Amino acid sequence: MLRSKLEPNRRSLWQRLHIDPWLLLGLLILMGTGLVVIYSAGGQDMDLILRQVIRLGLALGVMFALAQVPPSFFMRVSIYFYFAGILMLVAVLLVGDIGKGAQRWLDLGFMRFQPSEIMKLTVPMMLAWYISRHHLPPRIWQIIVGFLLLLIPTLLIAKQPDLGTSLLIASSGIFVIFLAGISWRLITTAALLISGFVPILWMFLMQEYQKQRVLTFLNPESDPLGSGYHIIQSKIAIGSGGVSGKGWLQGTQSQLEFLPERHTDFIFAVFSEEFGLIGICLLLCLYCVIILRGMIIAMRAQEAYSKLLAGSITLTFFVYVFVNMGMVSGLLPVVGVPLPLVSYGGTSMVTLLAGFGMLMAISTQKRMMSRE
Amino acid sequence: MARKRVIIRDHTAEANLFARRTFFTLVGIALLISLLISNLYYLQVTRHTDYQTRSNGNRIKVLPVAPNRGLIYDRNGILLAENRPSFSLEIIPEQVEDLDATLAELSTLLGISADEIEDFHHERKGQRRFKPVALRTRLSEQEVALFSANQHRFPGVAVEARLTRHYPQGEVLTHMLGYVAKINKKDLQKLTEAGEEENYAATHNIGKQGVEKFHESLLHGKVGYQEVEVNNQGRIIRTLDFKPPVPGEDLVLNIDVRLQQVVRQQLEGYRGSVIVIDARDGGVLALYSNPSYDPNLFVHGISSKDYRALLQSPDRPLINRATQGQYPPASTVKPHMALLGLEQGVITPQTRMFDSGSYALKNVERKWRDWKKWGHGWVDVTRAIEVSCDTFFYDMAFRTGIDKISDMMSELGFGDYTGIDLYEESDATLPSRGWKKARYNQAWYPGDTVNVGIGQGLWTTTPLQLAKSVTTLVNRGRRFVPQLMRGRYVNGELVINEPKELPPIQLRNPENWEIVLDAMYGVVNREHGTGHKAFKGTHYVSAGKTGTAQVVSMAEDEEYDAAKMAEHLRDNAMYIGFAPYDNPEIVITVAMENAGGGGSQAAPIARRVMDYYFDGAKPELVLNNDAAQ
């Protein structure tokens, strides 16, 4: 603090506010785009926009708050948050509320929340903390323990069942381990192990509806009116959009309600129908700017913990984007992953921006330390 | 503690390791994004047209629009079949807040019954919530007014007008005009076979009988299309394109509905039919079969109770007696037989024979009696027709032989469909050797020929065949085919059909026409003629022939006593006639089942119809029970 007072021109207003302006700009443009598409997808319902704006405001508040926290604090609390999270996940399975056929909610009396959302941040925090305790790259036993730390919440969430979230959590942990420098030989071995695990997953762990989703994904036209309906309508929406799109509010697939989950998980189909391939490229550029900025922050971070955490948060953000776009356009099976910062919805929005808050904390903190 | 760890670590090595890994992940991200984009390129560029088509297929529905059915007029422009708006009370369930309360209120307002409400609920369950469901169809004007005044109380309930077929003349024209009714499975199958199902995609009713059926293709018109945009529920959002339907053609019939009404009055209380044909072109001026029924019953779907009543009625009102009734022609065909005898040289105008009251064949025990027990004395062909002598024709027919009889009568149209524009027609039976062999596997006996000579025995005819044959007689061989349709309106102008004609009959001696027609003149206009009494005092000169057909054959010594006979075994009364004699305008046939004598029962009816035709006179009921025959 003292040093910064001595070098006022080196510490900008942004740094004092612990805000990364590039990241903030990217996020705001993305949110604005989201509101524009929600307005179209939600049947021009201003109430919907209002609720989303309130959520965004709340989430931005969380982001700003977390941006003020020094990364060392995250590091210190990682282990406590992690085990608290695991306890809550167990609690959810035992006493959780059932919503939409899955047990995801924990009712604390005054509020209901999804512990799995918290785990999206605490798992990378925990792994980053655990692995950065020793110098990089991690050793084999560290990796094994790391995978165990990762596997427990992943399985607990998959059991709820919430395939989308468990996928995101698993990848967030894997990114930590990968970025930490796990040897390529181990990666190859793991890949082989995973391909061996797939049949076990299919036969013993996956729920019937999840299997159905995968089967439908492999051949959506086999059941055009049943479970394949969503993906067929979605592909029609995207394909009929063409290069330049049908224009805002002009997407017939969405406006005439042929598309399911228009303003939530399938909002990308609405976007593609109305803004076409050109719109998609611009949107992807926006996402790339955010991801690149995130990776730059990670690279510039001083401490291994911050590097790993920032990298994991950024890459998980990409996983969101890729899985959502992939599932809506028929590349991946339909798992419930929203298009980050664009889809309508609250819980994941708060978690996402909380992650960006940590990124900003790391980003602004780094500068201060790098002066040493 | 953290600081200590930092000190012992090789930060540069860690940063380099992290940077390498970051590089790998960025390469991975780039690859995955390329994968996404190439897939989106495939969807949005390579297969764009395909998905565009499917997107349009989702949202664009082509709805058929039914054409308005052509109207039908009589020859004087009086409307016989029209399309009337019929009002129905319809509810859109989605727009009604409290359906039960609304229904209860409507019940008190319009007296809707529990049955109607039950039907409504039944229909509603199979429908989308935004589609209107009829609560009551065919509202009266009063009900429409009553509801309209209270409409503000019933959001989501409305009176809808639809065009439905209506026959303002009711029972008067049923058998010839027919009716339309709901397209059933059989109709649908026929339409499919004819490749017409698309044209009927929006049509509810189809011609089932009469002119409505025969001229269906003219009356129906061509289906139109409305291209609409729908949402995923099938709800119409807006109309994109409209190709209007081509309405059916308006037809004009030869029928004179006022004449038809007169005919109907005359036949009241009888089972029978009257046909009036324009002698100059074969146009059917009146064609009525009694008893009749109201065709409007069928348009909205006849109740099974009403239908059963029609089906089971001993009077068989569903039959068109004019075209489907098969009767022995009896004495009405004596002019035809005489023509044949003259033409074949079996008789000459001078041939005379003595009628003693019966006729016998060699080696045949039974005798054929004349209707006049004591005979007609000396008769030639003219007098034989005038007094309707049976014996003369027994003998003549026997000497002519069945082969020549069936040939000639076939040329005159017996035993075959007349070609009228109706499907409800019978070909009746013109007997011949071949026919009897095929039908009964029996040889033809000379006695059979004798019976045929007076239009009895195996011979049956429809009244329309008879009318057609008389038209041929009065036109001296020109064979007009009776036609109901006179023409149609094309762009508002009446285009009249050419009369339908078969090649004329050429006689070796055309003089024979005159002999026969003169005898028919005598029937009406000479003192001893069987039709004389019925036509006394007309302002016009008509000609004709009476006929009294036995329904049951009687033993030769049995007396016919109408009073003692069961009603349905009594004689049929027949009459054929035409007028004016010199320049015939109309031909008429009267066929009355179990009514008694042709001269006493059928001829007066023909006369009153002619009176109306020529004098416009309101026919009065003339009782004429004591006529000769």
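This one's a predicted model, so the numbers in the text were calculated from it and none came from an experiment.

Calculation rules
Residues numbered from 1 in each chain as written. Chains lettered and ligands numbered in written order. Predicted model: local features only at pLDDT ≥ 70, side-chain atom pairs only at ≥ 80, totals over all residues. Heavy atoms only, no water. Helix = DSSP H or I, 4+ residues; strand = E, 2+ residues; numbered from the N terminus. Buried < 20%, exposed > 50% of the residue type's maximum accessible area, 1.4 Å probe, protein only. Contact = heavy atoms within 4.5 Å. Areas by Shrake-Rupley, 256 points an atom, 1.4 Å probe, with all protein chains shown as cover. Rg over C-alpha atoms; globule rule 2.2 N^0.38 Å. Lys, Arg positive; Asp, Glu negative; His and termini not counted. Charge placed at Lys NZ, Arg CZ, Asp CG, Glu CD. Domains from an automatic or database assignment. Buried area = accessible area lost by both parts, 1.4 Å probe. Salt bridge = Lys/Arg side-chain N within 4 Å of Asp/Glu carboxyl O. Polar contact = N/O pair within 3.5 Å; in protein donor to acceptor, adjacent residues only side chain to side chain. Axes fitted to C-alpha atoms, helices over the stretch in contact; angles between N-to-C directions. Parallel < 35°, antiparallel > 145°, perpendicular 65-115°, else oblique. Left-handed = near helix turned anticlockwise from the far one by under 90°. Nonpolar A, V, L, I, M, F, W, Y, C, P; charged D, E, K, R; others polar. Core = buried A, V, L, I, M, F, W, Y, C linked by side-chain atoms within 4.5 Å. Patch = residues over 30% accessible without salt bridge, like charges linked within 9 Å, V, L, I, M, F, W, Y side chains within 5 Å. Pairing = 2+ DSSP bridges. Phe/Tyr/Trp six-rings, centres within 6.5 Å; stacked < 30°, edge-to-face > 60°. Lys NZ or Arg CZ within 6 Å of the ring centre and 35° of its normal. 1 Å grid on protein atoms, 1.4 Å probe; cavity = no way out; pocket = protein on both sides within 12 Å on 5 of 7 lines; lining within 4 Å. Points joined across faces, edges and corners; volume = space filled by probe spheres on them. Disulfide = S-S within 2.5 Å. pLDDT = per-residue confidence, 0-100.

Engineer: Would you mind going over the overall build of chain A in detail, with residue names and values included?
Structural biologist: Regarding its fold elements, chain A presents 15 helices and three strands. Looking at chain A as a whole, 54% of its 372 residues are labelled buried. Long-range pairs, those at least 24 residues apart, make up 72% of the contacts in chain A between residues at least 6 apart in sequence. Accessible area for chain A stands at about 16,000 Å²; split by element, carbon and sulfur atoms hold 69% of it.

Engineer: Could you give an account of the overall build of chain B, with specific residues and numbers?
Structural biologist: A count of helices and strands for chain B gives 23 helices and 25 strands. Rg of the C-alpha trace for chain B: 38 Å, well past the compact-globule value of 25 Å for 629 residues, more than 25% over. Each of the three principal axes of chain B carries a C-alpha extent, and together these read 155 × 55 × 50 Å. Here the analysis covers contacts within chain B between residues at least 6 apart in sequence; of these, 72% occur between residues at least 24 apart. Carbon together with sulfur atoms contributes 50% to the accessible area of chain B, which is approximately 29,700 Å² in total. Averaging the positions of the 73 positive and the 77 negative side-chain charges in chain B gives two centres separated by 7 Å.

Engineer: With reference to specific residues and values, describe the domain arrangement of chain B.
Structural biologist: Residues and elements named next belong to chain B. One can read the domain layout of chain B as domain 1 (61–251) and domain 2 (257–290 + 323–615). Using only C-alpha atoms to locate each centre, domain 1 and domain 2 end up separated by 46 Å. If you look at the interface, domain 1 gives 23 residues, while domain 2 gives 22 residues. Taken together, the two surfaces of domain 1 and domain 2 that pack against each other cover about 2,100 Å², and 60% of this comes from carbon and sulfur. The largest share of the area that domain 1 buries against domain 2 comes from Arg75, Val172 and Phe214, three residues that together contribute 30% of it. Counting every contact that joins domain 1 to domain 2 gives two salt bridges. Glu249 serves as the salt-bridge partner of Arg488, at 2.8 Å between the closest nitrogen and oxygen. Taken together, the connections running from domain 1 to domain 2 amount to nine residue pairs in polar contact (both at pLDDT 80 or more).

Engineer: Tell me about the packing of helix 3 (residues 21–41) of chain A against helix 13 (residues 267–300) of chain A, and name the residues and values.
Structural biologist: Residue and element names in this part refer to chain A. At a minimum axis distance of 10 Å, the contact between helix 3 and helix 13 shows a crossing angle of 160°. Looking at the two axes, helix 3 sits roughly antiparallel to helix 13. Read as a crossing pair, helix 3 and helix 13 show a hand that is left-handed. Contact residues: helix 3 offers Trp22, Leu23, Gly26, Leu27, Ile29, Leu30, Thr33, Val36, Val37, Ile38, Ser40 and Ala41, while helix 13 offers Ile267, Val270, Phe271, Glu274, Phe275, Leu283, Leu286, Tyr287, Ile290, Arg293 and Ile297. Residue composition of the contact of helix 3 with helix 13, grouped by class: 18 nonpolar, three polar and two charged.

Engineer: An account of the nonpolar core is needed here, citing residue identities and associated values.
Structural biologist: B:Leu177 and B:Met409 are the most contacted members of the largest nonpolar core, which has 118 residues in total. Counting residues per element, this core draws most heavily on helix 22 (residues 511–525) of chain B, which supplies eight residues. Each of two domains, domain 1 (61–251) and domain 2 (257–290 + 323–615) of chain B, supplies a minimum of three residues to this core. Residues within four places of B:Leu177 in sequence aside, it is in contact with B:Ile72, B:Leu80, B:Ala81, B:Tyr167, B:Gln209, B:Gly210, B:Val211, B:Glu212 and B:Leu253. In terms of nonpolar packing, the next biggest core, distinct from the first, is built from 112 residues, A:Ile169, A:Val270, A:Ala301 and A:Val319 among them.

Engineer: Could you give me a rundown of the pattern of salt bridges, with the residues and numbers involved?
Structural biologist: Residues and elements named next belong to chain B. This structure, assessed with the given rule, holds 30 salt bridges over all chains. A salt bridge links Arg136 to Glu143; its shortest N-O distance comes to 2.4 Å. Of the two residues examined, Arg136 and Glu143, each falls in the buried class. The partner of Lys436 in a salt bridge is Asp448, with the nearest N and O atoms 2.6 Å apart.

Engineer: Explain a nonpolar patch on the surface to me, using residue names and the numbers behind them.
Structural biologist: Residues and elements named next belong to chain A. A grouping of Leu151, Leu155, Phe197, Ile200, Leu201, Met203, Phe204 and Leu205 is seen on the molecular surface, where their side chains present a nonpolar patch of about 750 Å² in accessible area. Put simply, the parts of the chain that give the nonpolar patch at least two residues each are helix 7 (140–158) and helix 9 (184–205). Topologically, Leu155 is positioned in helix 7.

Engineer: Describe the sheet that holds strand 14 (residues 284–290) of chain B, naming the residues involved and giving the relevant values.
Structural biologist: All names here are of chain B. With antiparallel pairing, five strands are arranged side by side in an open sheet as 14-13-25-24-23. Strands with a single pairing partner mark the edges of an open sheet, and in this sheet they are strand 14 and strand 23 (543–549). The mean inter-strand angle of the sheet, taken between neighbouring strand axes irrespective of direction, is 5°. As judged from the six bridges shared by strand 13 (residues 272–278) and strand 14, these two strands associate in the antiparallel manner. Bridged to Val274 within strand 14 is Tyr288.

Engineer: Residue-level account of a negative patch on the surface, with values.
Structural biologist: A contiguous patch of negative charge, built from B:Asp115, B:Glu118, B:Asp119 and B:Glu123, is present on the exposed surface. Positionally, B:Glu123 belongs in helix 5 (residues 114–125).

Engineer: Describe the sheet that holds strand 10 (residues 236–243) of chain B, and please don't skip the residues or the numbers.
Structural biologist: All names here are of chain B. With antiparallel pairing, three strands are arranged side by side in an open sheet as 1-9-10. At either margin of the open sheet sits one strand with a lone partner, and together these are strand 1 (60–65) and strand 10. Strand-to-strand, the axes of this sheet are offset by a mean angle of 30°, without reference to chain direction. Examined bridge by bridge, strand 1 and strand 9 (residues 224–230) share six bridges and lie antiparallel to one another. Counted as the bridge partner of Lys61 is Val228 from strand 9. Against the sheet, helix 3 (residues 48–59) contacts strand 1, strand 9 and strand 10, and its axis sits at roughly 45° relative to strand 1.

Engineer: Quick rundown of the packing of aromatic side chains? Include the residues and the values.
Structural biologist: This structure, assessed with the given rule, holds 25 aromatic pairs over all chains. Where B:Tyr179 meets B:Phe298, the ring centres are 4.3 Å apart and the plane angle is 15°; that geometry is what we call stacked. Of the two residues, B:Tyr179 sits in the loop between helix 7 (174–177) and strand 6 (180–182) while B:Phe298 sits in helix 12 (residues 296–299), which places them 119 residues apart along the sequence. Taken individually, B:Tyr179 and B:Phe298 each receive the classification buried, so the pair is uniform in this respect. Taken together, the aromatic side chains of A:Phe178, A:Trp184, B:Phe23 and B:Phe24 make up a single cluster linked through ring pairs. Lying over the aromatic face of B:Tyr440, B:Arg439 brings its terminal NZ or CZ to 5.0 Å of the ring centre.

Engineer: Mind laying out empty space enclosed by the protein, listing which residues take part and the relevant values?
Structural biologist: Residues and elements named next belong to chain A. Tallied over the entire structure, the rule returns three cavities of 30 Å³ or more. As a volume, the largest cavity reaches approximately 130 Å³. Along the walls of the largest cavity sit 13 residues, with Leu121, Ile313, Thr316, Tyr320 and Leu352 positioned nearest its centre. The set of elements that each furnish at least two residues to the lining of the largest cavity consists of helix 6 (115–132), helix 14 (304–328) and helix 15 (347–370).

Engineer: Outline the state of the cysteines, listing residues and values.
Structural biologist: Tallied over the entire structure, the rule returns zero disulfides over all chains. The thiol sulfur of A:Cys281 is not disulfide-bonded, and the nearest other cysteine sulfur, from A:Cys285, lies at 6.8 Å.

Engineer: Please provide a residue-by-residue account of the confidence of the model for chain B, values included.
Structural biologist: All names here are of chain B. Averaged over chain B, the pLDDT score is 88; the fraction of residues at 70 or greater is 94%. Within the model, pLDDT remains below 50 along residues 1–7, and this stretch shows six contacts once partners closer than five positions in the same chain are excluded. Two numbers describe this predicted complex: its pTM, 0.71, and its ipTM, 0.90.

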